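The lines below spell out each chain.
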Amino acid sequence: MTRKITISGTVEKWVWSNPHSWLYIRTTKPGGAQEIWGFEAGSAGMLARSGWNSSDMKTGDKVTVTASPSRNGRPVGLISDVKLANGKVLGAGFGAPPPGFAPGN
Amino acid sequence: MNNRKTVLAAIMGSAMMALPSAGVAQAGPPPGPPGSLERPTAIPMQAPSPNTMQPASTALGSKWSDVTKLPDFFAGNWQSVTSFLDRELQTSLTPKAKAYADAFKPITDIPFAGAGCKTPGMPTIQRLGSPLKFFFEPGMIAIYIENSSMTRFIKVNGKHAARPNPSYLGDSIGHFEGNEFVVESIAFADDILFQYTNFPGKGTSNFVLPIESIFGPHGPNLRMVERMKLLDPDTMEITLTIYDDTVWTKPYVANTQIFKRNRGDAGIPAEWVCGSGADPLEFDPASNESIMQDPADVLKKLQAKDAK
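Predicted model only: the values in this text are computed from it and were never measured. (Residues numbered from 1 in each chain as written. Chains lettered and ligands numbered in written order. Predicted model: local features only at pLDDT ≥ 70, side-chain atom pairs only at ≥ 80, totals over all residues.)

### Section: the overall build of chain A
Scanning chain A from N- to C-terminus turns up one helix and six strands. Ordered by position from the N terminus, the helices and strands of chain A form the series β-β-β-α-β-β-β. A buried classification covers 40% of the 105 residues belonging to chain A. A sequence separation of at least 24 residues applies to 52% of the contacts in chain A between residues at least 6 apart. (Helix = DSSP H or I, 4+ residues; strand = E, 2+ residues; numbered from the N terminus. Buried ≥ 20, exposed ≤ 12 C-beta atoms within 10 Å, placed from the backbone. Contact = placed C-beta atoms within 7 Å.)

Structural data, given as structure tokens:
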């Protein structure tokens, strides 16, 4: 859970849904082969409360995802943040705590 | 076309007959002309359930004007900031429950592992992190739970149903003791997610994972008592005591839950509908766990669905 990876690619599908949202991107591996990654984000409601929007990403957008990779080695990860082509960073994918709350309390 | 209308009218009529209607004699429908659609002359009707709302109560929470006297549970919504599973459970299990726990294998998924994103029920559903929204009417406090889009209906100063049917949120009654809202719930579905304890040495961190916990069946007389109160205007505490003598040798006092208030736009709860098919984890009933699919295969399915 603590190991992080950063992967850049092109959005194939952004699914705003419950119980969790999913971002699928196409990326090119060092050898040139293409690979589809699936990244898990929070529930639609929690993402909205954290400043995300269903229209933030659409097919064809270039994004850079930082995530915790799956332990089973599959191209799947849990999103920490997503950097959009316009420089905006979407973070705290599982919902930022309400104002005034310090994480870890 | 006329026949279809006649059939529809007959169905609608039958449906309306099934509705309880106070003061209406239980006579059959007026006789129709010869050859008209036959209907039974006496529709058997169940006696309506007794009213358990007690509208005549004068206790706090029974009148509209009481809303000004109640603690403000109602503005915005409440988001849990504590673990949805308990840590450091110390209450001894009964021999039967211990035998069950000793044979239990860890589950490797979140409590939504059930097919179709089935709710884990109380108390877990209320602790999962998505907010709770309280509403009031005289004799009732409702709590909308964003996870699952389910709503608890708590009869304030009321009584339990005489024969409550099992449900995932239970049959709940509540009353105020000073500033505390005390809620008692009974009649739970057999398959709510019910935490017995944690594996030895596991579940000690602030956030306990399902893989660290042991779950099992509850008994028929399971009862949960919650005490809800505000610690400050934006902090709510819920304590929970669970009574089930088939599982524990004495009442189990759960970890105290803390909720923080969201206001403004963040205070409006969202809907919760599953079924997008976007999750590469697919529940396998045979193994009772979720299997990770190749994301490329999932994407193909999603794109094929879009193309239809």
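From this point on, the discussion continues.
### Regarding the overall build of chain B
When its secondary structure is counted, chain B shows three helices and 14 strands. Expressed as a percentage of its 308 residues, the buried residues of chain B come to 31%. For chain B, restricting intrachain contacts to residue pairs at least 6 apart in sequence, the fraction spanning at least 24 positions comes to 60%.

### Quick notes on the domain arrangement of chain B
Interface size is commonly expressed as the accessible area that is lost once the parts come together. Assigned domains of chain B: these are domain 1 (64–267) and domain 2 (276–308). Inter-centroid distance (C-alpha atoms) of domain 1 of chain B to domain 2 of chain B is 31 Å. (Domains from an automatic or database assignment.)

### A word on the confidence of the model for chain B
Residue and element names in this part refer to chain B. Taken residue by residue, chain B gives an average pLDDT of 83. The fraction at 70 or more is 78%. Low confidence marks residues 1–37, where pLDDT is under 50. Its contacts with residues over four positions away, or in another chain, come to nine contacts. Note on the complex model: pTM 0.81, ipTM 0.87. (pLDDT = per-residue confidence, 0-100.)

### Looking at the confidence of the model for chain A
Per-chain confidence: chain A averages 85 in pLDDT, with 86% of residues scoring 70 or above. Residue range residues 93–105 of chain A is modelled with pLDDT below 50. Its contacts to residues more than four positions away, or to other chains, number 23 contacts.

### Focus on the interface of chain A and chain B
Each partner contributes to the interface: chain A provides 28 residues, whereas chain B provides 28 residues. Sorting the residues of the side of chain A that touches chain B by element identifies strand 1 (5–15), strand 2 (22–28), strand 3 (34–40) and helix 1 (44–49) of chain A as the ones contributing at least two each. Considered class by class, the residues forming the side of chain A that touches chain B number 14 nonpolar, 10 polar and four charged. (Nonpolar A, V, L, I, M, F, W, Y, C, P; charged D, E, K, R; others polar.)

### Let's talk about unusual backbone geometry
Omega for the bond connecting N18 of chain A with P19 of chain A falls within 30 degrees of zero, at 5 degrees, which places this linkage in the cis form. The residue after M122 of chain B, namely P123 of chain B, is reached through a cis peptide bond having omega -5 degrees. By secondary structure assignment, the location of P123 of chain B is in the loop between helix 2 (95–102) and strand 2 (132–137). Phi is positive for E88 of chain B, close to 50 degrees, though the residue is something other than glycine. Position of E88 of chain B relative to the elements: it lies in the loop between strand 1 (77–80) and helix 2.

### A closer look at the nonpolar core
Residue and element names in this part refer to chain B. Formed by 34 residues in total, the largest nonpolar core has its most connected members in M122, L132, Y196, M228 and M236. For this core, the secondary-structure elements that each account for two or more residues are strand 2, strand 3 (140–145), strand 4 (150–156), strand 6 (180–186), strand 8 (213–215), strand 9 (223–232) and strand 10 (235–243). In terms of residue count, strand 10 provides more of this core than any other element does, four residues in total. (Core = buried A, V, L, I, M, F, W, Y, C linked by C-beta atoms within 7 Å.)

### Quick look at the environment of A161 of chain B
If you trace the backbone, A161 of chain B turns up in the loop between strand 4 and strand 5 (171–177). Distance from A161 of chain B to K96 of chain B, taken between C-alpha atoms, is 30 Å for residues 65 residues apart in sequence.

### Quick look at the environment of D72 of chain B
Residue and element names in this part refer to chain B. Along the chain, D72 turns up in the loop between helix 1 (2–18) and strand 1. For D72, a count of 13 C-beta atoms within 10 Å corresponds to the partly exposed category. Spatially, the C-alpha atom of D72 lies 7.8 Å from that of P233, the residues being 161 residues apart in sequence.

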